[in-house]
Amino acid sequence: LLQSSNHLQVAMAQQAYACPNTPGAASSVSITHSSISVPKYGSSANGGICTLSRVTNSHALAPVARSYDGNEWELSAGPYAGQGAAIDIQCSGSNCVMDLPPLDNSDAVYVLTS
């Protein structure tokens, strides 16, 4: 997994991230902050998808949220969805903010993938 070098600092200690969609670029971006801001429409093209997942070093994957076909972000089916979900997605303007829960072990990371 590769970490993006295009991080932008935004207000309230949130870190801005974008879905990797540049041809020839890495297909995933590691998330290093617990409060993130992502473009409201993570996937702008029809048929496109951007996912936010938790991944461990042993490659165990837990889906968190997704944006597809130019739609706004939504929670994905899995341990982070459902009643009492610990993640709230707040969208306004052209961005969405997600406060991610702490990772349950030291070998896990949140990742944006296209």
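Residues numbered from 1 in each chain as written. Predicted model: local features only at pLDDT ≥ 70, side-chain atom pairs only at ≥ 80, totals over all residues. Heavy atoms only, no water.

A few words on the state of the cysteines. Within this structure, the stated rule accounts for two disulfides. Bridging Cys 19 to Cys 50, the disulfide has an S-S length of 1.9 Å. Sign of the S-S torsion, about -95 degrees for the bond between Cys 19 and Cys 50, identifies this disulfide as left-handed. Here the residue Cys 19 occupies a position in the loop between β2 (15-16) and β3 (28-31), and Cys 50 occupies one in strand β5 (residues 49-56), the gap between them amounting to 31 residues. Accessibility classification places Cys 19 together with Cys 50 in one group, the buried group. Here Cys 91 connects covalently by a disulfide to Cys 96, the sulfurs 1.9 Å from one another. (Disulfide = S-S within 2.5 Å. Helix = DSSP H or I, 4+ residues; strand = E, 2+ residues; numbered from the N terminus. Buried < 20%, exposed > 50% of the residue type's maximum accessible area, 1.4 Å probe, protein only.)

Once that is clear, we can look at the pattern of salt bridges. Applying the stated rule across the entire model yields two salt bridges. Glu 72 is the partner of Lys 40 in a salt bridge, and the nearest nitrogen-oxygen pair spans 3.7 Å. Highlighted residues: Lys 40 in the loop between β4 (35-39) and β5 and Glu 72 in the loop between β6 (61-68) and β7 (74-75), separated in sequence by 32 residues. Look at Glu 72 and you get partly exposed, because its relative accessible area is 36%. Notably, a salt bridge pairs Glu 74 with Arg 66, separated by 2.7 Å at the nearest N-O pair. Using a relative accessible area of 32% as the deciding quantity, one classes Arg 66 as partly exposed. (Salt bridge = Lys/Arg side-chain N within 4 Å of Asp/Glu carboxyl O.)

As a further point, take the nonpolar core. Counting 20 residues, the largest nonpolar core has Leu 52, Trp 73, Met 98 and Leu 112 as the members making the most contacts within it. Breaking this core down by element, the ones donating at least two residues are β3, β4, β5, β6, β9 (95-99) and β10 (108-113). By residue number, the principal contributor to this core is β6, which donates three residues. For Met 98, the contacting residues outside a window of four places in its chain are Ser 34, Ser 35, Ile 36, Val 38, Leu 52, Ala 65, Trp 73, Ile 87, Asp 88 and Ile 89. (Core = buried A, V, L, I, M, F, W, Y, C linked by side-chain atoms within 4.5 Å. Contact = heavy atoms within 4.5 Å.)

This part takes up the sheet that holds β7. Spatial strand order, β3-β10-β5-β6-β7: five strands in an open sheet with antiparallel pairing. At either end of the open sheet lies a strand with only one pairing partner, and these are β3 and β7. Here β5 runs beside β6; their pairing, made up of seven bridges, is antiparallel. Note on β6: the bridge partner recorded for Leu 52 is Ala 65. (Pairing = 2+ DSSP bridges.)

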